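# Descriptive analysis of the structure
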Amino acid sequence: MIVRGRGKARRTAAAALALVATAPMLSACFEEPSAHEAVRDFLIGWQTGDYAAAARRTDGDQKVVSRALEDAKLQLDAASFRFNVKSMRRAADEVEADFDAEVDLGENNPLWEYEGKLPLHLVDGQWKVRWSPSVLHPQLREGERFAVKVTPEGRQPILDRNRDPLQEKAVLHVASVVPANLKSGEADKLCERLSKITGFPQDRLLSRIRSAPPNLQVPLVTFGRTKFRQLRAQLEAIPGLTLFAQEQAVAPASPTQIVGTVTAVTPESEQQLGGPQRAGDTVGRAGLQKAYQEHLTGSTDTRVITVDLKTLKVTELKKWRPDRSTSPVRTTLDRSHQRAADSALLGGTPGMLVAVQASTGDILAVSSTQEYNHDPQVDDAVPALAGRFPAGTAFSITTVEGMLRAKIDPKQKVACPADRSVGGAAFHQEGGPAGGSPTLQASFATGCVTALAALARRIDGAELATDARKFGIGVPWSLPLKSFSGSMKPLKNDAATARAITGQNVLVSPLSMALVAGAVASGTWRPPVLVTEPKTADPTIDAKPVQAPAPVKLDEKTVETLRAFMRSGVTGGSARAAAALGDPVHGITASASRNRKPLSWFVGWQGDVAVAVLTQSPDGTAGAAVAGRFFQGLHAGL
């Protein structure tokens, strides 16, 4: 059995293992001192790299033959050769042996299999291989050489829901050579200097030059703008090295933190990725570019050819289609919604906005100011999707079913004092409508903490936790990027329940709250969707896509009540700033704090677009103002 691995080092080891099994097999074919021994010695010498021993079994000049065998390995960038003798035929003093050859093309990846022939004749009583280039391959002629032409497919795009690309053009810089233009010994010196500058292994750089068609430009290393600026003077000083600029669509468009950045292959990323990586290849560093790296790039077209060194005529010996095709990544993002979201956050207040399609759970836009582009506590996490923030009274949306179950009338008046104690836990209403006894609906619309906390004595804590899961809080959904569906602490007493109703012991992400708004708007909670094609992030794994949680239809009376509550939040409550032309806007505001920084929420929807906005501001209406600008931007066709 042949052991194969990805990468040249593994394949070389595999070849050594293969030889142990092959040599006895070859020996078993030869039972008498005849032409069999010459065939055996020649093929084993070639296979093991003992080219001098192989050359002694030919009638050619031993130095010429030895060099030809060595050149074949270099020109093919081969990790190993393996041979199997099939048959031998004798006619008088002539013998012809048929053999199968397997050539592991190492970095170029495919296994090349072909049938060869060895003509033998007697020379001074000894059987010798009649030497000519056709011994190496039946189609190789005098004055020709092997070469491997590798053509990588370009990086595939990440697309929005309308198949518009979410990348823009960026300039990369490529260091390359034309092998035929290099003088004797110049390739070794060039690769030595380039290796010292870049860190890429010298032997791999040299192998790419040796195995390439001599008249074609061979990319060796690709640089981004910053790295190229640092190394340009050193690169320009290397004789024979050509530098040119190349545009590729790799710069992320908004939302950049979701699309992700792309860089040229580096020595470190080449080692991490494994397998064949070539100059011009790109590596996703974050976001969807990183999550779908194996889909977006890595597919190559490989051909083994012969090249006439005088005429440069090319003859194709074997061609491999890519073993897997690359494919674009299609997302649910919408560029028009994204532009409106980005525009809404202009103005200096740090914050985030997530918009989803209420009827599907599709994520339409994810926008954030610089302060919330990355989560310093979680690697590769986008705070708008995976951040953990206190929900404030926005969480009271999930408690309405419990209120109705407890027969609490929305028109019931509930005092909204500045301070209240529930089960020993203290609650304080910052500013706003403290004082008086507004209806429960009015307290909900204005986010009165002390009024809502008072409901804890009539709402069962265990049922409240169950109701929250109907809105997706804590439900284990799956996205290709890190995300957080929310969490709440056990509700063991009235104090804990009051804290949950007011969102003080509940953590959520802007995404999870946008889905809560979408559930009220559509009447059904749905899990989020970010990527529609391909179905899995890793094309090498033959596995079914992760099963998404089932949608949850909400109680009709609960939905009706919530829609009334949340409409009043915009018409007469603290979310007035969210009002916009078009369909009626529904929503509420909430205040919270994290790390002693005040936070302002808006959770609501207009038409089929549900949003959650979280801003870092002491103004409890700041989130609603951002939402209003977003809805206005959509109406204006931004």
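Read on for an overview of the structure. (Residues numbered from 1 in each chain as written. Predicted model: local features only at pLDDT ≥ 70, side-chain atom pairs only at ≥ 80, totals over all residues. Heavy atoms only, no water.)

Counted by the stated rule, this structure contains 12 aromatic pairs. Ring geometry for Phe223 versus Phe228: centroids 6.4 Å apart, planes at 45°, classification tilted. Phe223 sits in the buried class, given a relative accessible area of 5%. Classification of Phe228 by relative accessible area gives buried; the value is 8%. Ring centres 5.6 Å apart and planes at 55° place the aromatic pair Phe630 and Phe631 in the tilted group. (Phe/Tyr/Trp six-rings, centres within 6.5 Å; stacked < 30°, edge-to-face > 60°. Buried < 20%, exposed > 50% of the residue type's maximum accessible area, 1.4 Å probe, protein only.)

This part is about the packing of helix H12 (residues 335–344) against helix H21 (residues 622–636). Orientation of H12 relative to H21, taken along the N-to-C sense of each, is 140°, at an axis distance of 8 Å. Considering how the two elements wind past one another, H12 and H21 form a crossing that is right-handed. Residue-level contacts link Ser336, His337, Ala340, Ala341 and Ala344 of H12 to Val626, Arg629, Phe630, Gly633 and Leu634 of H21. Looking at side-chain class alone, the contact of H12 with H21 contains six nonpolar, three polar and one charged residues. (Axes fitted to C-alpha atoms, helices over the stretch in contact; angles between N-to-C directions. Helix = DSSP H or I, 4+ residues; strand = E, 2+ residues; numbered from the N terminus. Left-handed = near helix turned anticlockwise from the far one by under 90°. Contact = heavy atoms within 4.5 Å. Nonpolar A, V, L, I, M, F, W, Y, C, P; charged D, E, K, R; others polar.)

This part is about the nonpolar core. In terms of nonpolar packing, the biggest core is built from 81 residues, with Ile258, Ile397, Leu511, Leu530 and Trp601 touching the most fellow members. At nine residues, the largest contribution of residues to this core is made by helix H19 (residues 510–522). Contact partners of Leu511, with chain neighbours within four places excluded, come to Val354, Val356, Ile363, Ala384, Leu385, Trp477, Leu479, Ser483 and Pro528. (Core = buried A, V, L, I, M, F, W, Y, C linked by side-chain atoms within 4.5 Å.)

What links the strands of a sheet is backbone hydrogen bonding, and the strands pair in either a parallel or an antiparallel sense. Spatially, the three strands line up as an open sheet ordered S8-S7-S9, and their pairing is antiparallel. Across the chains shown, the open sheet's two edge strands, defined by having one partner strand only, are strand S8 (218–223) and strand S9 (242–252). Within the sheet, the average angular offset between the axes of one strand and its neighbour, ignoring direction, is 40°. Along the sheet, helix H6 (residues 202–211) contacts strand S7 (167–177) and S8; its crossing angle with S8, the most-contacted strand, is approximately 145°. In this fold helix H7 (residues 225–236) packs onto S7, S8 and S9, with an angle of close to 130° to the strand it touches most, S8. (Pairing = 2+ DSSP bridges.)

Moving on: the pattern of salt bridges. On inspection of all chains with the given rule, the structure shows 20 salt bridges. One salt bridge in this structure joins Arg67 and Asp71, with 2.9 Å as the shortest N-O distance. Of this pair, Arg67 and Asp71 both sit in helix H4 (residues 62–76), separated by four residues, roughly a single helical turn. A relative accessible area of 52% means that Arg67 is categorised as exposed. (Salt bridge = Lys/Arg side-chain N within 4 Å of Asp/Glu carboxyl O.)

Once that is clear, we can look at the pairing of S8. Of all six residues that make up S8, five are buried, and the element is covered over most of its length. Two elements, S7 and S8, share five bridges in a ladder whose sense is antiparallel. Along S8, the bridge assignment pairs Ser176 with Pro219.

In this section: the side chain of Gln289. Looking at the element boundaries, Gln289 is found in helix H10 (residues 287–291). Side-chain polar atoms of Gln289 contact the side chain of Arg155, separated by 3.0 Å. The contacts of Gln289, once residues within four sequence positions are left out, are Arg155, Ile158, Gln167, Val259, Gly260, Thr261, Val262, Gly284 and Leu296. (Polar contact = N/O pair within 3.5 Å; in protein donor to acceptor, adjacent residues only side chain to side chain.)

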